[in-house]
Amino acid sequence: MADRKIGCANNQGHGPQNFVEGLRNSCNPVFMELGLRLGYEKFMEYFTAFGLTEKTNIELVGEASSIYYHNQMSEVDIATSSFGQGFQITPIQLITAVSAVINGGERMKPQIVKEIRNSDGIIKTYEPEVISRVISEETSQKMREMLESVVALPDATGKNAYVKGCRIGGKTGTSEKGNRNEGKRIASFIGFAPANDPEIVCLIMLDEPQIENKYGGTIAAPLVGEIIEDVLNYIGVEKQYTENEQPEIKVEIPDVRETEVNSARNEIADKNLYVKVVGDGDRVVDQLPKPGIMLSENSTVILYTEKQSKTETVTVPDLAGMSVSDAKYTLEKRGLNFEVVGAGHSETGVSYAVNQSVAAGEVVSPATVIGVEFRQVTSD
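Cut-offs applied
Residues numbered from 1 in each chain as written. Predicted model: local features only at pLDDT ≥ 70, side-chain atom pairs only at ≥ 80, totals over all residues. Heavy atoms only, no water. Pairing = 2+ DSSP bridges. Helix = DSSP H or I, 4+ residues; strand = E, 2+ residues; numbered from the N terminus. Axes fitted to C-alpha atoms, helices over the stretch in contact; angles between N-to-C directions. Contact = heavy atoms within 4.5 Å. Phe/Tyr/Trp six-rings, centres within 6.5 Å; stacked < 30°, edge-to-face > 60°. Buried < 20%, exposed > 50% of the residue type's maximum accessible area, 1.4 Å probe, protein only. Left-handed = near helix turned anticlockwise from the far one by under 90°. Nonpolar A, V, L, I, M, F, W, Y, C, P; charged D, E, K, R; others polar. Core = buried A, V, L, I, M, F, W, Y, C linked by side-chain atoms within 4.5 Å. 1 Å grid on protein atoms, 1.4 Å probe; cavity = no way out; pocket = protein on both sides within 12 Å on 5 of 7 lines; lining within 4 Å. Points joined across faces, edges and corners; volume = space filled by probe spheres on them. Salt bridge = Lys/Arg side-chain N within 4 Å of Asp/Glu carboxyl O. Patch = residues over 30% accessible without salt bridge, like charges linked within 9 Å, V, L, I, M, F, W, Y side chains within 5 Å. Areas by Shrake-Rupley, 256 points an atom, 1.4 Å probe, with all protein chains shown as cover. Polar contact = N/O pair within 3.5 Å; in protein donor to acceptor, adjacent residues only side chain to side chain.

Caption draft 1: Focus on the sheet that holds strand S9 (residues 274-278). Taken together, the 3 strands give an open sheet; going across it, the order is S9-S12-S10, and neighbouring strands pair in mixed fashion. Edge strands, defined here as strands with exactly one partner in the open sheet, are S9 and strand S10 (286-288). Across the sheet, the mean angle from the axis of one strand to that of its neighbour is 20°, orientation sign disregarded. Inspection of the sheet shows S10 paired to strand S12 (residues 300-304) by 3 bridges, in the antiparallel sense. Bridge assignment links Leu288 to a residue of S12, and that residue is Ile302.

Caption draft 2: Spotlight on the sheet that holds strand S6 (residues 185-193). Spatial strand order, S5-S6-S7: 3 strands in an open sheet with antiparallel pairing. Two strands close off the open sheet at either side, each with one partner strand: strand S5 (169-176) and strand S7 (200-207). If you compare each strand with its neighbour and ignore which way they point, the axes differ by 10° on average. Pairing between S6 and S7: 8 bridges, direction antiparallel. Bridge assignment links Ala193 to a residue of S7, and that residue is Ile200. Packing of helix H7 (residues 221-235) onto the sheet brings it into contact with S6 and S7, and relative to S7 it is tilted by some 150°.

Caption draft 3: Fine view of the packing of aromatic side chains. This structure, assessed with the given rule, holds 6 aromatic pairs. Judged by centre distance (6.4 Å) and plane angle (80°), the ring pair of Phe19 and Phe31 falls under edge-to-face. Of the two residues, Phe19 sits in helix H1 (residues 19-25) while Phe31 sits in helix H2 (residues 28-49), which places them 12 residues apart along the sequence. Here Phe19 falls in the partly exposed class, since its relative accessible area comes to 32%. What makes Phe31 buried here is its relative accessible area of 13%. Here the aromatic rings of Phe47 and Phe87 are separated by 5.0 Å at their centres, their planes lie at 85°, and the arrangement is edge-to-face. One end of the pair, Phe47, is in helix H2; the other, Phe87, is in the loop between helix H3 (75-82) and helix H4 (91-102), and 40 residues separate them in sequence.

Caption draft 4: Molecular detail of the packing of H2 against H3. Two elements in contact, H2 and H3, have axes whose closest approach is 8 Å; the angle formed by their N-to-C orientations is 115°. Here H2 and H3 pass one another in a crossing that is right-handed. In this structure, H2 uses Phe31, Met32, Gly35, Leu36, Gly39, Tyr40 and Phe43 to contact H3, whose residues at the interface are Glu75, Ile78, Ala79, Ser81 and Ser82. Broken down by class, the residue content of the contact of H2 with H3 amounts to 7 nonpolar, 4 polar and 1 charged.

Caption draft 5: Fine view of the nonpolar core. With 24 residues, the main nonpolar core has Leu23, Met44, Phe47, Phe50, Met73, Val101 and Leu147 as its most contacted residues. Contributions of two or more residues to this core are made by H2, H4 and helix H5 (137-152). Here the element with the most residues in this core is H2; it accounts for 5 residues. Residues contacting Met44, with those up to four places away along its chain left out, are Thr53, Tyr68, Tyr69 and Met73. Core analysis: the next-biggest nonpolar cluster, separate from the first, contains 18 residues, Val151, Ala161, Cys166 and Val224 among them.

Caption draft 6: Here's a closer look at the layout of surface pockets. Of the pockets and cavities examined, the second largest pocket occupies roughly 780 Å³. Contributions of two or more residues to the lining of the second largest pocket are made by helix H9 (324-333) and strand S14 (337-341). At 4 residues, the largest contribution of residues to the lining of the second largest pocket is made by S14. For the lining of the second largest pocket, a count of residues per class yields 9 nonpolar, 9 polar and 9 charged.

Caption draft 7: Expanded view of the pattern of salt bridges. The full count for this structure, using the stated rule, is 19 salt bridges. Here Glu45 makes a salt bridge to Lys42, at a shortest N to O gap of 3.3 Å. Remark: Lys42 and Glu45 occur in helix H2; sequence separation between them is 3 residues, near one turn of the helix. Each of Glu106, Arg133 and Glu137 takes part in a single network of salt bridges with overlapping partners.

Caption draft 8: Examining a nonpolar patch on the surface more closely. Together, Leu60, Ile112, Val113, Ile116 and Ile123 line one region of the surface with nonpolar side chains, adding up to about 440 Å² of accessible area. A relative accessible area of 38% places Val113 in the partly exposed class.

Caption draft 9: Structural detail: the side chain of Thr330. One can find Thr330 in helix H9. Classification of Thr330 as buried rests on a relative accessible area of 18%. A distance of 2.7 Å separates a polar side-chain atom of Thr330 from the backbone oxygen of Asp326. Contacts of Thr330, omitting those with residues within four sequence positions, involve Pro317, Leu319 and Met322.

Okay, here's the thing in structure tokens:
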């Protein structure tokens, strides 16, 4: 580009791709080409229309404004600006702009509260305020679909924000900070849900993360996915599963203590759980996990038919870096139950364990459920 060589985070190259593929891959050359086709005037027209040249006037003291090119932009300026470098905007400006992209195309005035109340009732109500229309309903719908694919597809850069049934859309962000040679980054991810009818938007920014992988798609995206899932549950939005998604089924363990062994075995098996019987007695005297615990289907319940002379324990293994299948096998071999937790496409072969609900080396009862969180490495 002019006298500069500007690359992509994927320095091996993505190969030929259309705009949607470039969006999913967060490919700098695709955005640079788009910026150059728009040109300076059209680029700044939209930059202004989305509110990125002025304060949002949100009801907070000390709001900053953006820093951007006021004069004619060179080809290099347009190229770098097209993928988010070369200018600075505030988080609330970004949220406001993205909201306009996904809400049907209208730029709204951000507000802190819906209403003010006292002991007598509502004093004041704040109604939604439309500032302007930026894009058409049709374009907004296309953008929602494209941004959902950034999260929904297991090979796209937003895959770590994926949560079954939550219909999340979003975009990764990894920006250089200060002197390029210092390697400082701001890793971010902005997500929204449900993608087909958005109600919430969530932005996570990690300023100078102190880990090797500083990409927003790897470290910020899963946080957004987990927050969105919690918020959707809180506001009562039911999950919407696609044809390719199978909702995880959990069952409550019944109390089969003091029950005849074969009857207890059948009652547990009817819940699609495995049964392990310990002892030669005719009746169940104890069970693990205890009654009332929620287990994923195909987990194991241990039935004891004799009093144990000593308390059995299991040492939790270190699962860091393992695939789903390896982590499951390792836990089951120790007599522990396995559960996938957190956001992300854990079913893919390149997913690796990053967290576990019980630390390695801890001593627990047999059949304890160990929740494991998985990630995929992304280049943005």
